[in-house]
Amino acid sequence: MTHKFEKKENNASIYRIKLGMKLKENRLMKGFSISDIVEMTSISKSSIIKIEKGEAKDIDNYVEYAKAVEYPFETLIDFKIKLEPLNELSALRKQATKLTAKIRKNIVNTSFLGAGKTTAEIRGELIRINEITNTVKSTEIAGVMRNLVEDSILRKEKRGSKNLYLKG
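Residues numbered from 1 in each chain as written. Predicted model: local features only at pLDDT ≥ 70, side-chain atom pairs only at ≥ 80, totals over all residues. Heavy atoms only, no water.

## Looking at the overall build of the protein
Point 1. For the protein, the helix and strand inventory stands at 8 helices and 2 strands.
Point 2. Overall, the protein shows an N-to-C arrangement of helices and strands of α-α-α-α-α-α-α-α-β-β.
Point 3. Within the protein, buried positions represent 40% of all 168 residues.
Point 4. Expressed as a percentage of contacts within the protein between residues at least 6 apart in sequence, the contacts between residues at least 24 apart total 54%.
Point 5. For the protein, the exposed surface amounts to about 10300 Å²; the carbon and sulfur share of it is 54%. (Helix = DSSP H or I, 4+ residues; strand = E, 2+ residues; numbered from the N terminus. Buried < 20%, exposed > 50% of the residue type's maximum accessible area, 1.4 Å probe, protein only. Contact = heavy atoms within 4.5 Å. Areas by Shrake-Rupley, 256 points an atom, 1.4 Å probe, with all protein chains shown as cover.)

## Things to note about the pairing of strand S1 (residues 154-159)
Remark: a regular strand shows side chains that alternate across the two faces of the sheet.
Point 1. Pairing of S1 with strand S2 (residues 162-167) involves 6 bridges; the strand directions are antiparallel. If you follow Lys158 over to S2, its bridge partner there is Asn163.
Point 2. Here S1 folds back onto S2, and the loop between the two strands holds 2 residues, one of which, Gly160, carries a positive phi near 65 degrees. (Pairing = 2+ DSSP bridges.)

## What about helix H2 (residues 34-41)?
Point 1. Every buried residue of H2 is accounted for by Ile34, Asp36, Ile37, Met40 and Thr41. Viewed end-on, H2 has its buried residues packed into an arc of 155 degrees, placing them on one side of the element. (Arc of directions from axis to C-beta.)

## A short note on unusual backbone geometry
Point 1. Of note in the backbone geometry, Asn130 takes a positive phi value of approximately 60 degrees without being a glycine.
Point 2. With respect to the helices and strands, the residue Asn130 is situated in the loop between helix H7 (119-128) and helix H8 (138-150).
Point 3. Non-glycine residue Ser152 carries a positive phi angle of around 60 degrees.
Point 4. Here Ser152 lies in the loop between H8 and S1.

## Observations regarding the packing of aromatic side chains
Point 1. Counted according to the given criterion, the structure contains 0 aromatic pairs.
Point 2. The side chain of Lys117 reaches across the aromatic face of Phe112, ending 5.1 Å from its centre. (Phe/Tyr/Trp six-rings, centres within 6.5 Å; stacked < 30°, edge-to-face > 60°. Lys NZ or Arg CZ within 6 Å of the ring centre and 35° of its normal.)

## Here's the deal with the nonpolar core
Point 1. Formed by 19 residues in total, the largest nonpolar core has its most connected members in Leu23, Ile37, Ile51, Tyr65, Val69 and Tyr71.
Point 2. Counting residues per element, this core draws most heavily on helix H4 (residues 59-68), which supplies 5 residues.
Point 3. When residues no more than four places from it in sequence are discounted, the contact partners of Val69 are Leu23, Asn26, Arg27, Lys30, Phe32 and Ile37.
Point 4. Counting residues in each nonpolar core, the second largest holds 18 residues, with Phe112, Ile141, Val144 and Leu154 among its members. (Core = buried A, V, L, I, M, F, W, Y, C linked by side-chain atoms within 4.5 Å.)

## With respect to the packing of helix H3 (residues 45-53) against H4
Point 1. It is the contact of H3 with H4, at a shortest axis distance of 11 Å, that shows an interaxial angle of 90 degrees. The pairing of H3 with H4 is recorded here as roughly perpendicular in orientation. Between H3, through Ser47, Ile48, Lys50, Ile51 and Glu52, and H4, the contact on the second element is made entirely by Asn61, Tyr62 and Tyr65.
Point 2. Considering only residue class, the contact of H3 with H4 consists of 4 nonpolar, 2 polar and 2 charged. (Axes fitted to C-alpha atoms, helices over the stretch in contact; angles between N-to-C directions. Parallel < 35°, antiparallel > 145°, perpendicular 65-115°, else oblique. Nonpolar A, V, L, I, M, F, W, Y, C, P; charged D, E, K, R; others polar.)

## Points about helix H6 (residues 91-108)
Point 1. Compared with an ideal rise of 1.5 Å per residue, which puts 18 residues at 26 Å, H6 spans 24 Å between its outermost C-alpha atoms and is within 8% of the ideal.
Point 2. Listing the buried residues of H6 in full gives Ala96, Thr97, Leu99, Thr100, Ile103, Asn106, Ile107 and Val108. (Expected span 1.5 Å × (residues − 1).)

## Let's talk about the side chain of Asn26
Point 1. Tracing the sequence through the fold places Asn26 in helix H1 (residues 2-29).
Point 2. Once you skip the residues sitting within four places of it in the chain, Asn26 turns out to touch Val69, Glu70 and Tyr71.

That is the geometry; function is a separate question.
Structure, rendered in structure tokens:
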């Protein structure tokens, strides 16, 4: 009897893993960081990470996460659950999301990072191509870069006192 239960649990974990991957994919497509999802759902950071890995078992957390990233898996549609996060992002986080989209489009998805670039070099390039104004601070860009490293989209290396950002 234990053997049947283990098989059932393994099948359930496959669905959770697939769902977690889909939720993370939607999060990244929308330019949200894990911290953004925490803010929108009130789910802890460690639980968000477990959801994305398919390790969480609380369906309510999957539902709240799905609402935050507008992922319409069938259960949400069947129950006519409105696809909106529990909490809206603050204006500051919405602004950071737009900056993230610009950095992903013009920096991450190009060859610009090559052998690695500093936050100042990334800021300079975004100003040069008219994606941001010089009022955008390096600390704002550094925050986006930290999130991209946390999401394993980029990696960070220390060279002297500088952080260099490189592709994966």
